[in-house]
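Examining the three-dimensional arrangement
Chain residues, written in single-letter form:
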Amino acid sequence: MTVAATNASAPMRPQSRPRMAQFLFAAALCLAVAKLALPDGLVRPPDWLVWPFADWFNAVFSFIRDDLGLIHVTRAFADGLESVLDVTANLLYGKNRWPRLGPIPWSVIAITAAMIGYAINGWRLAAFAGLTFVWIAAMGQWQWAMETLSVIIVAAPVSVFLGLLLGTMGWKSARFRLVLNPLLNVAQSLPHFAYMIPVVVFIGVGAKAGAIVTIIFSVPPMIRMTMLGLQKVPSEVVEAGHMAGATRWQLLRHVRLPTARTELLVGVNQVIMQCLAMVVLASFIGMPGLGQKLLQLLQALKIGRSIEIGITIVLLAIMLDRCSKAWAVKQPVHLEKGTSWLMRHKLLVIWAALVAVFWALSLVFPILHEIGRRDALSLAAPLDAIMDWIIGTLDPVTQWLRWFLIVWVLIPLRDGMLWLPFSAVLVFLMAVGWAIGGKRSALVCLGYFGLIAMSGWWDRAMITVYTVTFAVFIATLIGFPLGIWGSRSKARAQAVLLVCDTLQTFPSFIYLIPVIMLFGVNDVAVVGAVVLFAAVPLVRYTIEGLRGVPEAQIEAADMSGATRRQTLWSVRLPLALPTIMVGVNQSVMFSLFMVIIAAFIGTQDLGQEMQRALSSSDVGKGLVLGLAVSFMGLMVDHLITVWANRRRRALGLS
Amino acid sequence: MSPSQPVISCRNVWKLFGPRPESYLAGLDPAAGFDAIRADGYVPAVRDVSLDIARGEMLVIMGLSGSGKSTLVRCMSRLIEITGGEIDVDGRVIGALSERELIDLRRNKMGMVFQNFGLLPHRTVLDNVAFPLEMRGQDIHARRARALEVIELVGLAGREDYFPRELSGGQQQRVGIARSLAIEPDIWFLDEPFSALDPLIRREMQDEFLRLQAMLGKTIVFITHDFDEALRLADRIAIMKDGAVEQCDRPDRIVMNPATDYVAKFIEDVEKARVVHARALAQPVDGQTLTGAPVDGSKTISQLARLLVNDDRAILPVSGPDGRVIGAMDRQQALDVLLGAAQ
Amino acid sequence: MRTKLFMSAAAVALASVSMAQAEDSSDPIIIPTHNWSSQIVMSHVVGQIFESMGNSVEYVSTDSQAVYESVRLGDVTLELEVWEGAFGPAFEAALEKGGLHDAGDHDAVTREDWWYPSWTKEACPGLPAWEALNDCAAQFATPETGDKGRFLGGPVDWLKHDQERVDALGMNFVVVNAGSASALWAEVGAAERDKRPVVIFNWTPNFVEALYPGEFVEFPEYVEGCKDDPAVGPNPDMTYDCGNPANGYLKKAAWDGMEEKWPAAYATLKRISFTNPQIAEMAKLVDIDELEPEDAAAEWLETNEAVWKPWVDGGA
Ligand SMILES: Nc1ncnc2c1ncn2[C@@H]1O[C@H](COP(=O)(O)OP(=O)(O)OP(=O)(O)O)[C@@H](O)[C@H]1O
Ligand SMILES: [Mg+2]
């Protein structure tokens, strides 16, 4: 099967690739075995190799900030943004700013959400959207949720707009794309904390800073989807526009963007999900709302109430996700000619009437205006009881598991990782690169990890590598079978994917506490928290890969008398493998993000240093650490992409 | 501009796809064949095409899939830039027009129907058809009225508010035709415009088309795979192979005198009697005395079949449009055409 | 000489009078809140005091370490809880860069040190003496520390020098750093179930005292110089051979521009001073009585009018 993979433009590759890779593997092995005999410079990066990147970054930053005076520009921009945020803040939770109309009663917002849900996708979405807001109000989280939403409803449109703008520019100009693509790669693999530090310096703290980091984090997928969508517009549609005599702007506005609508709306959807993922993290630099409250509650060990907030975030995410997805597939309805204005705007009229009614009612019954914490419901007690019960039940098992993993697996693995000479690691990675993608990939691997060695954080980086590798390994053991199981039937797949969605949007900080309670402050807890997160994309992509196998292939296998097991192993899995590998790739990315967050449990890796950099507002150090993490992700991404593309080509899937 | 000047004139037009087509073409051996160019990693979609299309003429382009028909038409409308040669439209070198001039030309003079329709998925039928008018900046009432008119013309009245995805392939194709007609173009490019229509509607559209053509006298470049269609419509047919025009001539001349083996093979299955007109077989009258009533030169041989079989003259006079005898036709030769024994 | 002194005193007096008469700016005073309850309630208490004086106030939640950078730049106006142990270094560093200043101490003293929940005493009856702790080190062993006991310290960036102390006192313990305060509490919470002995880093005033009663370990008493001078303290060769000071400061910090912009509020801020019981009460209102911080602050202000009125009126 792999014969087809050999590429016509590089006829010498097939023989030389394995040979060179084998040679490099052997060299790496020799370096490791001969460690004691090696000069120090090959064991750990020698001083001359460690460059003071952090100082350089800091110098550049202070130059930009003070000498170029960029800080005034960014601050002015932030003030502008803040005045917009003040408007939504006033409307949603009554912050004392112009236009001083708010807060809008919760019942009015709930009914509005329900109407939007109905208009987009009918009763079910209406009920879901409306009940989400009822839940928020009834749980006494209104104020915080509105603080969060007041930022999101500004940040999300700004992200969408910026994404459209940059995406269009990137699509238009190959040169711009050349700059944009690497930036996007780094931005999407850079841990959040790394760019929070510059934001604190350039923007300050508070809702505006929260909005800015949210925008920075959510804009890359929009840019990518815009570029993709514009590229996918059929050339004939564009030519039709040309022949109609459209100018460039008309072409973009009336032909290209509307035709790319589906991709653009997927981008919008991604923006929304990313915004909600940032709710908790942005509160580290002062974004008010659910995230901030969540951290406070966790700090006071109130797990039940933090779970309530987590549920709210998940509900908001699913609601916005469903709405934007439904909107993406919805095409405008076509009305009979001669429909009256009232009929054409029926929903609008009903909505306006309902708003008026509920607003009036809320003046009479304050409970429809705001539900105070004292009147609110709480599930905290039963949730706490459930948590206690789960932890109590699992405890005996985890005690043993913890002991076993630490003594027999994790400590030896970690010590081994730290024992390895850095030169051996680099050569080994080159060998892997060479085996997968030839010389270019070998150099890419060397480049990324070489830079990590030069950053001076080698040991910590190795601990991160060890944690992530082990976590992804365990995640594969769990996620892969689960994915296969979940792909058996459509209903099952949907249920499992819903669980995946939930796990993915449920704020990861909440996991940390139970995980510590089960495993204590140690690497088992860290790995446990990371695994929980890393398994999600694996399950998702395994299911999608397996379910995406063309029906004809399976029928062909069935007709050749294959058993279900044979079909799985010799037809479905090989065909789904490229997609599954994308899942592995994502899993690595998720792990890298989570391992940084797991620093809150207590680690000795890059994440811990990142936390220190955040608390001392050290921009340079934060960036160096962030880039080190990002490079790990990018290397894996490169290898898997190269591999998967080769594989796809071999299977004739693209 | 004199009426005899061609509306579209292509001179040695080349279109190569590949990494650096211009410099490759500059260094190209003029004798290089299609395969040699392919071997160098270039796709010669249009090879050294020279054609003149007169005002009011309908040129039909035929050829196998991938022979470069669509590409040639795109070159004429400058949807793609040509690699070499020159194309004049209305006496102006189209490659030298500024963006503004090109837009004006397209807004006022050109229309095109696309092979895959190229409809805007987010617009209704009405808005799709009105699109070129909208681009021109016409006000909403005027463009609605005009759009409704052409929608009526293509037989889609009542579907104005549908979206392309709600229409069948044939209906979509008619939206494309309507759209290209909306601005009343002088030059009309049609890339397999009837391919998705059922035979009945296709026939109807062809008739409609001929009527329009007689009435408005547009200059039309028409691509089709259907020889019958070509015969019904064409003033001239150009047959393309591997990017080059093998032969471009009146249909009956092509049938009677294919220029190359390829063309001969291409027309092999054509029922010649239905193509060849009596006048095409007429030889100059050199002194012979012709007897009896002349046959109408504009009739095809198959239309004359009964007469040819029943008549016993060896030589038949052929009359022109004004009824005067323009030549003599050998009955045996005509019968050979009719029964398929010629050549 | 004398006149000179008098003159300058008069100048100061004049200046302060003119200050007091200047109007406070109508811009909001920005008060940072962090992720522990006493600080949040205290922030709201002070905020509501300012509001009662006619100022407008806004709260922003920030990281408790990064906040000093924000105070320096004037993004937030003040900081109400500068703990000597936890935030001393960040505060001093910011002080050095300029832009903020020390706005006086609270009455409250802070203590940060090794601490154990009360059930630990059953397993190790000699506590709170550190020698006793050392003797039952095995009780505190975990898989990752082998035979040695585990001490769960705070995040590394709190710079607690626990490892140095272990070395200096020759203790049979390994220091493991938790990544956040929540991790510390989670560990205690987990230990409570099976009454497992643990020793962690803790401080007072802190809400944990209300959830889990416990005591600090008594190390050799802190004496000046014990952290810098090897000769001081029981181990003549090493530094850090002592406990932390049992009465660390709890300061307020203010942005340099505050005095000019909100003179009245600034004067009040300088007079504000809370005691340990008051802080503990604020924390209790939120952590035990489950009030929202705003409500807790309002309640506290209501019951403690006698305490805070003088700060506003200028009497001490
Ligand atoms: N943008 C392009 N890039 C590269 N090659 C192209 C491009 N467009 C067309 N070609 C190639 O040019 C040749 C001619 O294509 P063209 O579309 O003109 O064929 P056609 O005669 O219209 O065929 P069909 O009857 O199938 O529509 C084909 O070999 C095609 O692969
Ligand atoms: Mg074509």
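Residues numbered from 1 in each chain as written. Chains lettered and ligands numbered in written order. Predicted model: local features only at pLDDT ≥ 70, side-chain atom pairs only at ≥ 80, totals over all residues. Heavy atoms only, no water.

**So, the domain arrangement of chain A**
Residue and element names in this part refer to chain A. Taken domain by domain, chain A comprises domain 1 (59–103 + 139–332) and domain 2 (457–651). Between domain 1 and domain 2, the contact holds 32 residues from the first and 29 residues from the second. Both sides of the domain 1 and domain 2 interface together cover about 2700 Å² of buried area, and 88% of this is carbon and sulfur. For the pair domain 1 and domain 2, the interface holds 1 residue pair in polar contact (both at pLDDT 80 or more). Breaking the side of domain 1 that touches domain 2 down by element, the ones donating at least two residues are α8 (174–189), α9 (192–202), α13 (261–282), α14 (290–299) and α15 (303–329). Counting residues per element, the side of domain 1 that touches domain 2 draws most heavily on α15, which supplies 10 residues. (Domains from an automatic or database assignment. Contact = heavy atoms within 4.5 Å. Buried area = accessible area lost by both parts, 1.4 Å probe. Polar contact = N/O pair within 3.5 Å; in protein donor to acceptor, adjacent residues only side chain to side chain. Helix = DSSP H or I, 4+ residues; strand = E, 2+ residues; numbered from the N terminus.)

**As for the arrangement of the chains**
No other pair of the 2 pairs of chains in contact has as many contacts as chains A and C. A gap remains between chain B and chain C, with no contact made and the closest C-alpha atoms lying 45 Å from each other.

**Considerations on the interface of chain B and chain A**
For interface size, the figure often reported is the accessible area lost on association. In this assembly, 31 residues from chain B lie in contact with 21 residues from chain A. With both sides pooled, the region where chain B packs onto chain A buries about 2300 Å², and carbon together with sulfur makes up 58% of that total. The tally of links between chain B and chain A comes to 3 salt bridges. Linking Arg74 of chain B and Glu236 of chain A is a salt bridge whose minimum nitrogen-to-oxygen distance equals 3.5 Å. Put simply, chain B and chain A have 11 residue pairs in polar contact (both at pLDDT 80 or more) between them. Elements with a minimum of two residues in the side of chain B that touches chain A: α4 (99–108), β6 (110–113) and α5 (125–136) of chain B. Per-element accounting of the side of chain B that touches chain A gives the leading share, 5 residues, to α4 of chain B. Looking at the side of chain B that touches chain A residue by residue, the class counts come to 15 nonpolar, 6 polar and 10 charged. (Salt bridge = Lys/Arg side-chain N within 4 Å of Asp/Glu carboxyl O. Nonpolar A, V, L, I, M, F, W, Y, C, P; charged D, E, K, R; others polar.)

**A closer look at the site of ligand 1**
Residues and elements named next belong to chain B. Lining the immediate surroundings of ligand 1 are 14 residues, of which Ser65, Lys69, Ser70, Thr71 and Gln115 lie closest. In the model, an oxygen atom of ligand 1 is placed 2.6 Å from a nitrogen or oxygen of the Ser70 side chain. One of the side-chain N or O atoms of Gln115 is found 2.7 Å from an oxygen atom in ligand 1. Bound to the protein, ligand 1 loses 62% of the 640 Å² it would expose on its own. Sorting the residues of the shell around ligand 1 by element identifies β2 (43–53) and α3 (69–76) as the ones contributing at least two each. Considering every element that reaches the shell around ligand 1, the biggest residue donor is α3, with 3 residues. Broken down by class, the residue content of the shell around ligand 1 amounts to 4 nonpolar, 8 polar and 2 charged. (Near = heavy atom within 4 Å. Areas by Shrake-Rupley, 256 points an atom, 1.4 Å probe, with all protein chains shown as cover.)

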